[in-house]
Amino acid sequence: SRGIRIKGVSKVYSGTARPAVDDVSLDIADGEFMTLLGPSGSGKTTILSMLAGFVSVSAGSIEIDGREVSRLKPHKRDLGVVFQQYALFPHMSVARNVAFPLQQRKMSKPDIAAKVAETLELVHLGDYADRLPGQLSGGQQQRVALARAVVYEPRALLMDEPLGALDRKLRDQLQREIARMHRELGMTFIFVTHDQHEALTLSDRIAVFNEGRIEQVGAPAELYERP
Ligand code: ADP
Ligand code: ADP
């Protein structure tokens, strides 16, 4: 069975009483653009962190293509991750930042060069390969982060408020970029936001979070345009 399956997952952080995530189940289909929408503190980041393996699950299971992954180390899960703060390597050029995951995977030099060039074209940064991150705008830096997260063709791309640090105009622009990347790559995208407009614009389906639980799941039209 293909896809990502979250089954009865809960998280209680140590030293806290109330679960941050409380018995959440969600199936994400292959190639789907799924958005986790909800107010601050509703458990979205915790779900993403458990998917990525940065945070352990307290109960329940996470399956990727039928394989239980909740005990696997982050790098064994084959997921790309982009957070609000881009966390690029500041002393490395754009190209070297994007090449880094491929070098870790011991890809050959010619293959790395080709893949880096192709991925920089995908995010429209072909002319910026030799710049340092500090010489780029916030939106461009976030595009480098996106390129670095998808360059090794992970099973899915996880994004936590990736546009949160950008002004309105850049946000709209990058939203369109992300939608286009999703179409071109055909990869599963899981996107966290508290912005309903953003969720409606981007998503195939939206899971609406409140107080650690999912209240509703559906396509934008099902959730917000009922007569
Ligand atoms: P969201 O992403 O929707 O803003 P979070 O998943 O970050 O929500 O947080 C859900 C709840 O878990 C909040 O009440 C938050 O305070 C709490 N929480 C998040 N991270 C930790 C942590 N490391 N330790 C203790 N509590 C945490
Ligand atoms: P190394 O770490 O092998 O000394 P570099 O630091 O110059 O090599 O670059 C790391 C990787 O980034 C290289 O494997 C190369 O494929 C890629 N790279 C560097 N510059 C560019 C560029 N202008 N365009 C595309 N890829 C590049």
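- If you look the protein chain up in an unreviewed UniProt entry, it shows as Spermidine/putrescine import ATP-binding protein PotA from Actinomadura rubrisoli.
- Within the UniProt record for the protein chain, the comment given under Subunit (unreviewed entry) is "The complex is composed of two ATP-binding proteins (PotA), two transmembrane proteins (PotB and PotC) and a solute-binding protein (PotD)."
- Looking at the Function (unreviewed entry) heading of the UniProt record, one finds this comment for the protein chain: "Part of the ABC transporter complex PotABCD involved in spermidine/putrescine import. Responsible for energy coupling to the transport system."

### Remarks on the site of ligand 2
Moving on, step 1. Ligand 2 sits among Ala95, Arg96, Ala99, Gln103, Lys109, Ile112, Ala113, Val116, Ala129 and Asp130.
Moving on, step 2. One of the side-chain N or O atoms of Lys109 is found 2.8 Å from an oxygen atom in ligand 2.
Moving on, step 3. For ligand 2, a nitrogen atom lies 3.2 Å from a polar atom in the side chain of Asp130.
Moving on, step 4. Only helix 2 (94–104) and helix 3 (109–122) provide two or more residues apiece to the shell around ligand 2.
Moving on, step 5. In the shell around ligand 2, the residues fall into six nonpolar, one polar and three charged.

### Side note on the layout of surface pockets
Moving on, step 1. A volume near 540 Å³ is recorded for the largest pocket.
Moving on, step 2. Surrounding the largest pocket, 22 residues form its lining, Leu79, Gly80, Val81, Arg148 and Tyr152 being those nearest its centre.
Moving on, step 3. Counting residues per element, the ones that place at least two in the lining of the largest pocket are strand 6 (79–82), helix 2 and helix 4 (138–150).
Moving on, step 4. Sorting elements by how many residues they give to the lining of the largest pocket places strand 6 first, with four residues.

### Points about unusual backbone geometry
Moving on, step 1. For Asp23, which is not glycine, the phi torsion reads 55 degrees and is therefore positive.
Moving on, step 2. Tracing the backbone through its elements, the reader meets Asp23 in strand 2 (residues 21–28).
Moving on, step 3. Phi is positive for Glu153, close to 55 degrees, though the residue is something other than glycine.
Moving on, step 4. You can see Glu153 is positioned in the loop between helix 4 and strand 7 (156–160).

### As for the packing of aromatic side chains
Moving on, step 1. The tally for this structure, following the rule as stated, stands at four aromatic pairs.
Moving on, step 2. Plain terms: the ring middles of Phe54 and Phe83 are 6.0 Å apart, the flat faces sit at 50 degrees to each other, and that makes the pair tilted. Placement of the pair is Phe54 in the loop between helix 1 (44–52) and strand 4 (59–64) and Phe83 in the loop between strand 6 and helix 2, with a sequence separation of 29 residues.
Moving on, step 3. The partly exposed category is assigned to Phe54, whose relative accessible area is 46%.
Moving on, step 4. Classification of Phe83 by relative accessible area gives partly exposed; the value is 28%.
Moving on, step 5. Here the aromatic cluster, defined as three or more aromatic residues joined through ring pairs, consists of Phe33, Phe189 and Phe191.
Moving on, step 6. Stacked on the ring of Phe89, the Lys or Arg Arg148 has its end atom at 5.1 Å from the ring centre.

### Details of the site of ligand 1
Moving on, step 1. What surrounds ligand 1 is the set Tyr13, Thr16, Ala20, Pro39, Ser40, Gly41, Ser42, Gly43, Lys44, Thr45 and Thr46.
Moving on, step 2. Taking Gly41, its main chain carries an N or O atom lying 2.7 Å from an oxygen atom of ligand 1.

Cut-offs used in this document
- Residues numbered from 1 in each chain as written.
- Chains lettered and ligands numbered in written order.
- Predicted model: local features only at pLDDT ≥ 70, side-chain atom pairs only at ≥ 80, totals over all residues.
- Heavy atoms only, no water.
- UniProt positions renumbered as here; feature names shortened; annotations may be inferred.
- Near = heavy atom within 4 Å.
- Polar contact = N/O pair within 3.5 Å; in protein donor to acceptor, adjacent residues only side chain to side chain.
- Helix = DSSP H or I, 4+ residues; strand = E, 2+ residues; numbered from the N terminus.
- Nonpolar A, V, L, I, M, F, W, Y, C, P; charged D, E, K, R; others polar.
- 1 Å grid on protein atoms, 1.4 Å probe; cavity = no way out; pocket = protein on both sides within 12 Å on 5 of 7 lines; lining within 4 Å.
- Points joined across faces, edges and corners; volume = space filled by probe spheres on them.
- Phe/Tyr/Trp six-rings, centres within 6.5 Å; stacked < 30°, edge-to-face > 60°.
- Buried < 20%, exposed > 50% of the residue type's maximum accessible area, 1.4 Å probe, protein only.
- Lys NZ or Arg CZ within 6 Å of the ring centre and 35° of its normal.

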